[in-house]
Amino acid sequence: STPELIALLQPFFFGFYLFRTEIHMQKYPEQAMTLTALQVIVTTALCGAWGLSLGGVPELGDVLAQASDSLASLTDAAELQSKLPALLGLLWMGLLPSGLSLALETVIVHKLSSSVTALTFTLEPVFAAVFGSLMLHEEFGASTAVGGALAIAAVLIRCAEPEQLKVAWKDTADTIKARLKPKNT
């Protein structure tokens, strides 16, 4: 079905996006913020088009009237103070997760390869699970811990130098052999 197809294509397009970003950053290393701005504009346009295809958007006049009313009500200091947490929350959600993360991603993909960058992004759910557990007291089960450990191991293995991996594997194998070896009494 269409949702499953979209879910399967998403990682492909994300990998392609990182690969293309790496190529552009190699060609134009000083243009990270320009490339980020372009990414935000294209994402906004695509999301807007998708929104229109799903049933449209409210009338522009209604949106502008509501925005105007909201801004007019903020001229009162008490009203502004009461709405400040919500405004800061919107600013936080708009700038940090979206704009700043795209900017950092663009700069990082220039410093690292797109494969290392993509693999590092697999840690996003790990951090989400850890923060959810610590801040929201969400349950952190064994399967989550195993999945997180595998994601961390994948990043470490990919980023390690081959000689470091050989030493680590040998040390691990030696430790396992020593523990499995019967003790002489």
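Located above this text is the structure these notes cover.
Residues numbered from 1 in each chain as written. Predicted model: local features only at pLDDT ≥ 70, side-chain atom pairs only at ≥ 80, totals over all residues. Heavy atoms only, no water.

1. Observations concerning the nonpolar core
Generally speaking, nonpolar side chains in soluble globular proteins are found buried as a group. Membership of the largest hydrophobic core is limited to five residues, which are L18, M25, A32, L35 and V109. Secondary structure elements with two or more residues in this core: α1 (2–27) and α2 (32–53). The contact partners of M25, leaving out residues within four places of it in the chain, are A32, L35, T106, V109 and H110. (Core = buried A, V, L, I, M, F, W, Y, C linked by side-chain atoms within 4.5 Å. Buried < 20%, exposed > 50% of the residue type's maximum accessible area, 1.4 Å probe, protein only. Helix = DSSP H or I, 4+ residues; strand = E, 2+ residues; numbered from the N terminus. Contact = heavy atoms within 4.5 Å.)

2. Quick word on the packing of α1 against α2
The packing of two helices is summarised by the inter-axis angle and the distance between the axes. The interhelical angle for the contact between α1 and α2, taken along N-to-C directions, is 150°, at an axis separation of 11 Å. Pair α1 / α2 crosses with right-handed handedness. Residues Y17, T21, H24 and M25 of α1 form the contact with α2, whose participating residues are A32, L35 and Q39. Of the residues belonging to the contact of α1 with α2, the class tally is four nonpolar, three polar and no charged. (Axes fitted to C-alpha atoms, helices over the stretch in contact; angles between N-to-C directions. Left-handed = near helix turned anticlockwise from the far one by under 90°. Nonpolar A, V, L, I, M, F, W, Y, C, P; charged D, E, K, R; others polar.)

3. Comments concerning unusual backbone geometry
We note that H137 has phi near 60°; this positive angle belongs to a residue other than glycine. With respect to the element layout, H137 can be found in the loop between α6 (124–136) and α7 (142–159). According to the relative accessible area criterion, H137 is exposed, its value standing at 67%.

4. Some points on the side chain of E105
With respect to the secondary-structure elements, E105 resides in helix α4 (residues 77–111). R20 is the oppositely charged side chain nearest to the buried, salt-bridge-free E105, at an N-O distance of 13 Å. (Lys, Arg positive; Asp, Glu negative; His and termini not counted. Salt bridge = Lys/Arg side-chain N within 4 Å of Asp/Glu carboxyl O.)

5. Side note on a nonpolar patch on the surface
Residues F127, V130, F131, L134, M135, L136 and F140 make up a contiguous nonpolar surface patch of roughly 730 Å² in combined accessible area. Along the chain, the position of V130 falls in helix α6. The class for V130 is partly exposed, based on a relative accessible area of 30%. (Patch = residues over 30% accessible without salt bridge, like charges linked within 9 Å, V, L, I, M, F, W, Y side chains within 5 Å. Areas by Shrake-Rupley, 256 points an atom, 1.4 Å probe, with all protein chains shown as cover.)

6. Considering the pattern of salt bridges
Evaluated as defined, the whole model comprises one salt bridge. For D174, the salt bridge is made with K170, and the minimal N-O distance between the two is 2.9 Å. With a gap of four residues between them, D174 and K170 both fall in helix α8 (residues 162–180), about one helical turn apart. By relative accessible area, D174 is classed as partly exposed at 33%.

7. What about the packing of aromatic side chains?
Describing an aromatic ring pair means giving the distance of the ring centres and the angle of the ring planes. The final tally for this structure, using the stated rule, is four aromatic pairs. Ring geometry for F12 against F13: centres 5.2 Å apart, planes inclined by 70°, an arrangement best described as edge-to-face. The exposed category is assigned to F12, whose relative accessible area is 52%. Under the relative-accessibility criterion, F13 is labelled partly exposed at 48%. Note on F14 and F121: the rings are 5.8 Å apart at their centroids and 55° apart in plane angle, and the pair reads as tilted. You can see F14 sitting in helix α1 and its partner F121 sitting in helix α5 (residues 114–121), a full 107 residues away along the chain. According to the relative accessible area criterion, F14 is partly exposed, its value standing at 27%. Through pairs of rings, three or more aromatic residues link up here, namely F14, Y17 and F121. (Phe/Tyr/Trp six-rings, centres within 6.5 Å; stacked < 30°, edge-to-face > 60°.)

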